[in-house]
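Next come the chains, spelled out residue by residue.
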Amino acid sequence: MAQREAVIPATTTRRLWTWFHRLASPRYFYELAGRLIPWFGWAAAVLLAAGLYGGLWLAPPDYQQGDAYRIIFIHVPAAWMSLFAYVAMAGAGFIGLVWRIKLAEVVARACAPLGASFTLLALCTGSLWGKPMWGAYWVWDARLTSELVLLFLYLGYIALDAAIEDRRKAARATSVLALVGVVDIPIIHYSVEWWHTLHQGPTVFKLGGPSISLDMLVPLLLMVVAFKLFFFAMMLVRARTEVLEREVNSAWVREVVGEP
Amino acid sequence: MKSFHEFITMGGFAFYVWTSYAIFAAIFAWNVIQPLVHRRRVRERLARRLRRMQP
């Protein structure tokens, strides 16, 4: 029995490893991503429509904030995705640095513009929410400042990437930058607990469950999933384009590009 | 929402809410259009390059 238990995980690990290797092959990735993108994209569109309908029309006004709170349905998903995209970018960059997997470099680079977009969206919507609630578009509060630093990290990543001609050298430099910047992620996350800030604390993930009514929570979660699917769809589109550019000398790219 | 009027005015917060959603729409639209346009340009460029290499 003990022997059998040892065998099963070994096979699973090997299978997982084989799959991982296949995934890392540019051609396999190109085809798999090509099949996944329409699903992710259309699912994101449907969930986005449902979330917007639920959030802007069905959900009742907040008892304290009136209708101004409706900014939450884009602000919170954007802020979460700004962190998620950064961790994905730094994680893929790390894999690229350590194991020299070219596909990981491609994925890391594809995350940057999306992450920067989500960060910008979180900052703009937060600012527009702050004005009617706090009386100011901007305060140098821990949460806001650390999120602004995140935007600069993304912009620094994009600028550094654009400045280095050689793709592999650029990937090494940007991955190191991304990994150094990871320190900002826990700071953003815990800023509302570590410092007394104007920004409100967590509403959804906290002890004792979410303190938000279901009419508001459901559209919020729909938007969160929609943002995530949108991120994956467009990240894969970007990554596929770069795979084509990088693999231009291989026969399969000639076939793909030759197609009308 | 009880009425279309209420939906448009957002209880007096129309400027803040609708500006937020407009920025959201613009950023999402850019993130769809830019990668697709870039993809088409890259494919055209690669196709031209390959045609030059093997006439």
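Residues numbered from 1 in each chain as written. Chains lettered and ligands numbered in written order. Predicted model: local features only at pLDDT ≥ 70, side-chain atom pairs only at ≥ 80, totals over all residues.

This next bit is on the overall build of chain A. In terms of regular secondary structure, chain A is built from 9 helices and 0 strands. Tracing chain A from N to C terminus, the helices and strands come up as α-α-α-α-α-α-α-α-α. Referenced to the eigenvectors of the C-alpha coordinate spread, the extents of chain A come out at roughly 60 × 55 × 50 Å. Taking all 260 residues of chain A together, the buried fraction comes to 39%. Contacts in chain A between residues at least 24 apart in sequence constitute 77% of all its contacts with a sequence separation of at least 6. (Helix = DSSP H or I, 4+ residues; strand = E, 2+ residues; numbered from the N terminus. Buried ≥ 20, exposed ≤ 12 C-beta atoms within 10 Å, placed from the backbone. Contact = placed C-beta atoms within 7 Å.)

The next point concerns unusual backbone geometry. What you tend to see is this: most non-glycine residues have negative phi, and most peptide bonds are trans. All names here are of chain A. One non-glycine residue, R100, lies in positive phi territory at about 55°. With respect to the helices, strands and loops of the structure, R100 is situated in the loop between α3 (72-99) and α4 (102-134). Assessed through the 12 C-beta atoms surrounding it within 10 Å, R100 is described here as exposed.

A few words on the environment of A239(A). All names here are of chain A. Turning to its location among the elements, A239 is positioned in helix α8 (residues 214-246). Assessed through the 24 C-beta atoms surrounding it within 10 Å, A239 is described here as buried. Sequence-distant contacts of A239, defined by excluding residues within four places in its chain, comprise A33, V106, V107 and A110.

This part is about the confidence of the model for chain B. Averaged over all residues, the pLDDT of chain B equals 92, while 96% of them reach at least 70. On the interface metric, ipTM, the complex scores 0.93, and its pTM is 0.91. (pLDDT = per-residue confidence, 0-100.)

This brings us to the interface of chain A and chain B. Each partner contributes residues to the interface: chain A has 28 residues there, and chain B has 24 residues. Counting residues per element, the ones that place at least two in the side of chain A that touches chain B are α4, α8 and α9 (251-258) of chain A. Considering each element in turn, the side of chain A that touches chain B owes the most residues, 10 residues, to α4(A). Class assignment for the residues of the side of chain A that touches chain B results in 17 nonpolar, 5 polar and 6 charged. (Nonpolar A, V, L, I, M, F, W, Y, C, P; charged D, E, K, R; others polar.)

Moving on: the environment of P35(B). For P35(B), the position within the fold is in helix α2 (residues 14-53). Assessed through the 22 C-beta atoms surrounding it within 10 Å, P35(B) is described here as buried. Not counting the four nearest positions on each side in its chain, P35(B) is found in contact with M234(A), V237(A), R238(A) and T241(A).

Residues and elements named next belong to chain A. In this model, helix α6 (residues 167-181) (15 residues) spans 21 Å end to end at C-alpha, consistent with the 21 Å of a helix rising 1.5 Å per residue. Every buried residue belonging to α6 is among A171, T174, S175 and A178, and all of these are buried. Axial view of α6: buried residues confined to an arc of 110°, hence all on one face. Along α6, the residues that are exposed and aim more than 90 degrees away from the buried face are K169 and V180. Buried residues in α6 make contact with α3, α4 and α5 (142-163). (Expected span 1.5 Å × (residues − 1). Arc of directions from axis to C-beta.)

Ranked by size, the top nonpolar core spans 76 residues in total, and within it A85(A), M89(A) and C111(A) carry the most contacts. Elements supplying a minimum of two residues to this core: α2 (26-58), α3, α4, α5, α8 and α9 of chain A together with α2 of chain B. For this core, the element with the highest residue contribution is α8(A), accounting for 19 residues. Among residues more than four places away in sequence, those in contact with C111(A) are A85(A), A88(A), M89(A), A92(A) and M235(A). (Core = buried A, V, L, I, M, F, W, Y, C linked by C-beta atoms within 7 Å.)

For chain A, the average pLDDT comes to 91, and 95% of its residues sit at 70 or higher. Averaged over each element, pLDDT in chain A is lowest for helix α1 (residues 2-24) of chain A (70) and highest for α5(A) (97).

As a further point, take the packing of α4(A) against α2(B). Their axes nearest at 9 Å, the elements α4(A) and α2(B) cross at an angle of 175°. Put simply, α4(A) runs roughly antiparallel to α2(B). Contacts from L114(A), S117(A), L120(A), L121(A), C124(A), T125(A), L128(A), W129(A), K131(A) and P132(A) in α4(A) reach Y16(B), T19(B), S20(B), I23(B), F24(B), I27(B) and N31(B) in α2(B). Of the residues belonging to the contact of α4(A) with α2(B), the class tally is 11 nonpolar, 5 polar and 1 charged. (Axes fitted to C-alpha atoms, helices over the stretch in contact; angles between N-to-C directions. Parallel < 35°, antiparallel > 145°, perpendicular 65-115°, else oblique.)

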